[in-house]
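Spelled out, the chains give:
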Amino acid sequence: MVENSELRKAGLKVTLPRVKILQMLDSTEQRHMSAEDVYKALMEAGEDVGLATVYRVLTQFEAAGLVVRHNFDGGHAVFELADGEHHDHMVNVDTGEVIEFINPEIEKLQRAIAEEHGFELIDHNLVLHVRKKK
């Protein structure tokens, strides 16, 4: 099972809650889920995993590099699987929708800005807060 090998590779013991949560994150169309979203989806699927367990497992997954935590709107954390590909985000302030995008020009400019100031860009998070034009 892919989930088992992913957990072992991340140095985590394979437990049923971890497998269920990893499967949920991997199979959902919604790429950015809060702990509450994961909990509700598990409950709807008939899985008996408590909310505290979901929080604990997501924190363990973050520490192991399996998921990335984002705080898009006022401290409300959402998680997405860490797929190794860098991308940035736009958040629709009216709907909460999260749109992922990749722009090589922005990436190049950010590296150049860091370089101009005598730094090497190690990592970054770019979040644009947007609203549909009227």
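Description of the structure in this document. In this text, all values refer to a predicted model and were calculated from it rather than measured experimentally.

1. Points about the overall build of the protein chain
Next, step 1: Summing up its helical and strand segments, the protein chain has five helices and five strands in all.
Next, step 2: Going from the N terminus to the C terminus, the protein chain shows its helices and strands as α-α-α-α-β-β-β-β-α-β.
Next, step 3: A principal-axis box enclosing the C-alpha atoms of the protein chain has dimensions of 50 × 40 × 25 Å.
Next, step 4: Counting every position in the protein chain, which comprises 134 residues, the buried fraction comes to 32%.
Next, step 5: Taking contacts inside the protein chain between residues at least 6 apart in sequence as the whole, the part at least 24 apart equals 42%.
Next, step 6: When the accessible surface of the protein chain is split by element, carbon and sulfur atoms take 52% of a total near 9000 Å².
Next, step 7: Once the 15 positive and 24 negative side-chain charges of the protein chain are each reduced to a mean point, those two points are 3 Å apart.

2. Examining the nonpolar core
Next, step 1: Residues Ile21, Leu25, Val38, Val54, Leu58 and Phe61 are the most contacted members of the largest nonpolar core, which totals 22 residues.
Next, step 2: For this core, the secondary-structure elements that each account for two or more residues are α2 (16–27), α3 (35–44), α4 (51–64) and β2 (76–81).
Next, step 3: Per-element accounting of this core gives the leading share, five residues, to α2.

3. Some thoughts on the pattern of salt bridges
Next, step 1: Counted according to the given criterion, the structure contains seven salt bridges.
Next, step 2: One salt bridge connects Lys20 with Glu47, and the closest N-O pair in it is separated by 3.4 Å. Highlighted residues: Lys20 in helix α2 and Glu47 in the loop between α3 and α4, separated in sequence by 27 residues.
Next, step 3: Exposure remark for Glu47: the relative accessible area of 24% places this residue in the partly exposed category.
Next, step 4: Where salt bridges share partners, they join Arg31, Glu80, Asp83 and Glu100 into one cluster.

4. Describing the packing of α3 against α4
Next, step 1: With their axes 9 Å apart at the nearest point, α3 and α4 run at an angle of 125° to one another. With respect to their mutual orientation, α3 and α4 come out oblique. Between α3 and α4 lies a crossing whose hand is right-handed. Within the contact between the two elements, α3 uses Ala35, Glu36, Val38, Tyr39 and Leu42 and α4 uses Leu51, Val54, Tyr55 and Leu58.
Next, step 2: Tallied by class, residues from the contact of α3 with α4 come to eight nonpolar, no polar and one charged.

5. Side note on the pairing of strand β3 (residues 88–92)
Next, step 1: In terms of residue burial, β3 counts as a mostly covered element, since four of its five residues are buried.
Next, step 2: In the sheet, β3 pairs with strand β4 (residues 98–101) via four bridges, with the strands oriented antiparallel. If you follow Met90 over to β4, its bridge partner there is Ile99.
Next, step 3: Of the pairings in the sheet, the one linking β3 to strand β5 (residues 127–130) comprises four bridges and is parallel in character. Bridging across to β5, His89 finds its partner in Val127.

6. Description of the sheet that holds β5
Next, step 1: Sheet architecture is open: three strands sit in the order β4-β3-β5, paired in mixed fashion. Bordering the open sheet on either side are β4 and β5, each of which pairs with just one other strand. Put simply, the sheet's adjacent strands are angled 25° from each other on average, direction ignored.

Conventions we followed
- Residues numbered from 1 in each chain as written.
- Predicted model: local features only at pLDDT ≥ 70, side-chain atom pairs only at ≥ 80, totals over all residues.
- Heavy atoms only, no water.
- Helix = DSSP H or I, 4+ residues; strand = E, 2+ residues; numbered from the N terminus.
- Buried < 20%, exposed > 50% of the residue type's maximum accessible area, 1.4 Å probe, protein only.
- Contact = heavy atoms within 4.5 Å.
- Areas by Shrake-Rupley, 256 points an atom, 1.4 Å probe, with all protein chains shown as cover.
- Lys, Arg positive; Asp, Glu negative; His and termini not counted.
- Charge placed at Lys NZ, Arg CZ, Asp CG, Glu CD.
- Core = buried A, V, L, I, M, F, W, Y, C linked by side-chain atoms within 4.5 Å.
- Salt bridge = Lys/Arg side-chain N within 4 Å of Asp/Glu carboxyl O.
- Axes fitted to C-alpha atoms, helices over the stretch in contact; angles between N-to-C directions.
- Parallel < 35°, antiparallel > 145°, perpendicular 65-115°, else oblique.
- Left-handed = near helix turned anticlockwise from the far one by under 90°.
- Nonpolar A, V, L, I, M, F, W, Y, C, P; charged D, E, K, R; others polar.
- Pairing = 2+ DSSP bridges.

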